[in-house]
Amino acid sequence: MAAPPSAIEQGIPSQADAATNAIVFENVSIAFDDQVVLDGISFRLAKGETKAIFGIAGAGKSTILKLALGLLKPDAGHIYVLGDDVTQMREAELFELRRKIGMVFQESALFDSLTVRENVAFRLLEESNVSEEQVEAPVREALSFVELENTVDKFPSELSGGMRRRVAIARAIITHPEVLLYDSPTGGLDPVTSTTIVQLIVKQRDVYKTSSLLVTHRLQDAFTMATHYFDRKANEMRPLPPGERGEVPMAFLILRDGKVIFDGDAHELAQSKDEYIREYIS
Amino acid sequence: MAAGDFLSRIELVSPTAFIKDKVQAVQDYAVLSGRAIANLFSQPRYFADMMQQADLVGVGSLPIVILTGLSIGAELALNSANTLQRFGSLSLIGQLVSVGMVRELGPIITGLMVAGRNASGMASEIGSMVVTEQIDAMRALGTDPIKKLVTPRVISTVFMLFFLTIISDLLGLFGGSIVSSLLFGLDWHQYWNTAYQILVFQDVFMGLVKPVLFGFIIATVGCYYGISARGGTQGVGRATTQAVVTSSVLILVVDLLVTKLLMSVFAYR
């Protein structure tokens, strides 16, 4: 068994840094029933970057996403999202900020009493006094992005797990948010469907330049994202030409025992000498 | 062995922690109720959701309200007739059913019926949304779940219970009139005449204030237990049961307090 590596020491980001980054975590701690889940973690998500978060079950990966969205409040520390300190904001103020953020939940969290159309259009219908006819075009556009245009009148219960995940992505991107948070988008899916979803995330990163935090257990998905780019002309994901690895804005973050033990790109991860990390990626 | 296992699994809670837990629950309930009311004065207002809930609570509860109203009025007439006959005052049966139904039985029976049907429905629906992260998704999409889910339910339940109680009162009187005329040969016209004349403003006021309070209790308690649901489907089931029990008990307690208060205010006869 590898010895626990030391946590990464990072300088405390200033609020000015927070304005230039999409997300900044600053010494964030949270515990549930006396069990410390995150213990003073700090990291940054640069604008336009996609950062994959790894860690064993219960390491606090999903908690990071919920903290970034203001769904949970940390016990200590500050979290800046698009320049705003979410730890100091009231719920009513957070609703405004959340309109700039999209989230894909682990189990999709689609509204089961609404059709796919109503699910995808939910944010548009809530945000403005628009009719259902007026949202038809953006709904179709979002669903065509995930290649599910033919499911508009279906209910979530009539869709497969992979389709539900893609509808959740369509719902998250319909307003072209500045930040996207993916909670295990490929978890429990077959390899073909997983690849489709990875392709959608890469497309979102390379076409819309959206900043994203991605929680996953599947290292191969993150490596695929780090070694592929989205070809707009061919409308498909393609491997980076040899020698261009590291050219895509993709980073990795590994959690252990409530601490960040790695924060860097795919090349640095592959070069890591840390036993735990080597064991993790092997 | 089995008993030992069972005892070892019992989690002992200190009295302080227990009281703290209950006080916290009351505080959370008060905050939820306060926000549900405060949301009435801010945009957006979800009229479509209010209409949908009004249909579910009002139209959906109509059959049980009709049945219980009719049967309670008939039973009240049937039970009181024997006593009144002993004193040769059978003609007062209309008055007795009228005051009993309008002031007390109509609101409370309707409240309890609607609580059984709708507090459980609200708790299970919202509870299921909580455990499947739909409430978190709603918050993530920039929508206030209390404004979207709780406020429309509170408004609709208060509004519809008011009218359901009026329907229940009338049907109770009707049930009493059927029993009085068919079983005891009382004149139909006399029954309705005395039933109408005995009622004063205070009776009607008391009978119509209660459904407003009961409606508020049913919706807020149902939604509170739904939002507080934890622990998967088992938690939702527990929330549903607790919602019905708590709302029913609260209805009975509030009924007693309101009756006493209004009697004092009106210096009741």
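Residues numbered from 1 in each chain as written. Chains lettered and ligands numbered in written order. Predicted model: local features only at pLDDT ≥ 70, side-chain atom pairs only at ≥ 80, totals over all residues.

Caption draft 1: Region of the structure containing the overall build of chain A. Summing up its helical and strand segments, chain A has ten helices and twelve strands in all. Its C-alpha atoms give chain A a radius of gyration of 19 Å, within 12% of the compact-globule value 19 Å for 282 residues. A principal-axis box enclosing the C-alpha atoms of chain A has dimensions of 55 × 45 × 35 Å. Within the span of chain A, comprising 282 residues, buried residues form 44% of the whole. Of all intrachain contacts in chain A linking residues separated by at least 6 positions in sequence, the fraction that spans at least 24 positions is 64%. (Helix = DSSP H or I, 4+ residues; strand = E, 2+ residues; numbered from the N terminus. Rg over C-alpha atoms; globule rule 2.2 N^0.38 Å. Buried ≥ 20, exposed ≤ 12 C-beta atoms within 10 Å, placed from the backbone. Contact = placed C-beta atoms within 7 Å.)

Caption draft 2: Molecular detail of the confidence of the model for chain B. Summarising the model, chain B shows a mean pLDDT of 90, and 95% of its residues fall at 70 or more. Scored as a complex, the prediction yields pTM 0.84 and ipTM 0.82. (pLDDT = per-residue confidence, 0-100.)

Caption draft 3: View of the domain arrangement of chain A. Residues and elements named next belong to chain A. Looking at the assigned domains, one finds that chain A contains domain 1 (7–99 + 180–186 + 197–282) and domain 2 (101–176). Facing the 17 residues of domain 1 at the interface are 15 residues of domain 2. For the side of domain 1 that touches domain 2, the elements supplying multiple residues, two or more each, are helix 2 (61–68), helix 3 (91–98), strand 7 (179–183) and helix 7 (191–208). Classifying every residue of the side of domain 1 that touches domain 2 by side-chain character gives eleven nonpolar, three polar and three charged. (Domains from an automatic or database assignment. Nonpolar A, V, L, I, M, F, W, Y, C, P; charged D, E, K, R; others polar.)

Caption draft 4: Here's a closer look at the pairing of strand 7 of chain A. Residues and elements named next belong to chain A. Counting buried positions over the five residues of strand 7 gives five, a clear majority of the element. Bridging between strand 6 (residues 101–104) and strand 7 involves four bridges; their strand directions are parallel. In the sheet register, Met 103 faces strand 7, and the bridge partner there is Leu 181. Judged from the five bridges that link them, strand 7 and strand 8 (residues 211–215) form a sheet pairing that is parallel. For Tyr 182, the partnering residue across the bridge sits in strand 8 and is Leu 214. For the crossover that starts at strand 7, traverses helix 7 and ends in the parallel strand 8, the hand is right-handed. (Pairing = 2+ DSSP bridges. Right-handed = clockwise from strand over helix to strand, strands pointing away.)

Caption draft 5: Representation of the sheet that holds strand 5 (residues 84–85) of chain A. Residue and element names in this part refer to chain A. An order of 2-1-4-5 is seen for the four strands of this open sheet, with the pairing classed as antiparallel. The sheet terminates laterally at strand 2 (35–46) and strand 5, the two strands that pair on one side only. Lying on the sheet, helix 2 is in contact with strand 1 (21–32), strand 2 and strand 4 (76–81); it crosses strand 1 at an angle near 120°. (Axes fitted to C-alpha atoms, helices over the stretch in contact; angles between N-to-C directions.)

Caption draft 6: Expanded view of the pairing of strand 4 of chain A. Residue and element names in this part refer to chain A. Bridging between strand 1 and strand 4 involves five bridges; their strand directions are antiparallel. The residue bridging Ile 23 from the neighbouring strand is Val 81, located in strand 4. Two elements, strand 4 and strand 5, share two bridges in a ladder whose sense is antiparallel. Across the sheet, Tyr 80 pairs through a bridge with Asp 85, a residue of strand 5. The turn linking strand 4 back onto strand 5 is made up of two residues, and Leu 82 within it adopts a positive phi angle of 50°.

Caption draft 7: Broad picture of the interface of chain A and chain B. At the interface, 14 residues of chain A touch eleven residues of chain B. Where the side of chain A that touches chain B is concerned, the elements lending two or more residues are helix 3 and helix 4 (116–127) of chain A. Ranked by residue count, the leading element in the side of chain A that touches chain B is helix 4 of chain A, at four residues. Counted by class, the side of chain A that touches chain B contains eight nonpolar, no polar and six charged residues.

Caption draft 8: View of the packing of helix 4 of chain A against helix 5 (residues 136–145) of chain A. Residues and elements named next belong to chain A. Following both chains from N to C, one finds helix 4 and helix 5 inclined at 115°, their axes separated by 9 Å at the closest point. When you trace helix 4 past helix 5, the crossing you get is right-handed. Only Pro 138, Val 139, Ala 142 and Leu 143 of helix 5 make contact with helix 4, whose side of the interface consists of Arg 117, Val 120, Ala 121 and Leu 124. Partitioning the contact of helix 4 with helix 5 into residue classes produces seven nonpolar, no polar and one charged. (Left-handed = near helix turned anticlockwise from the far one by under 90°.)

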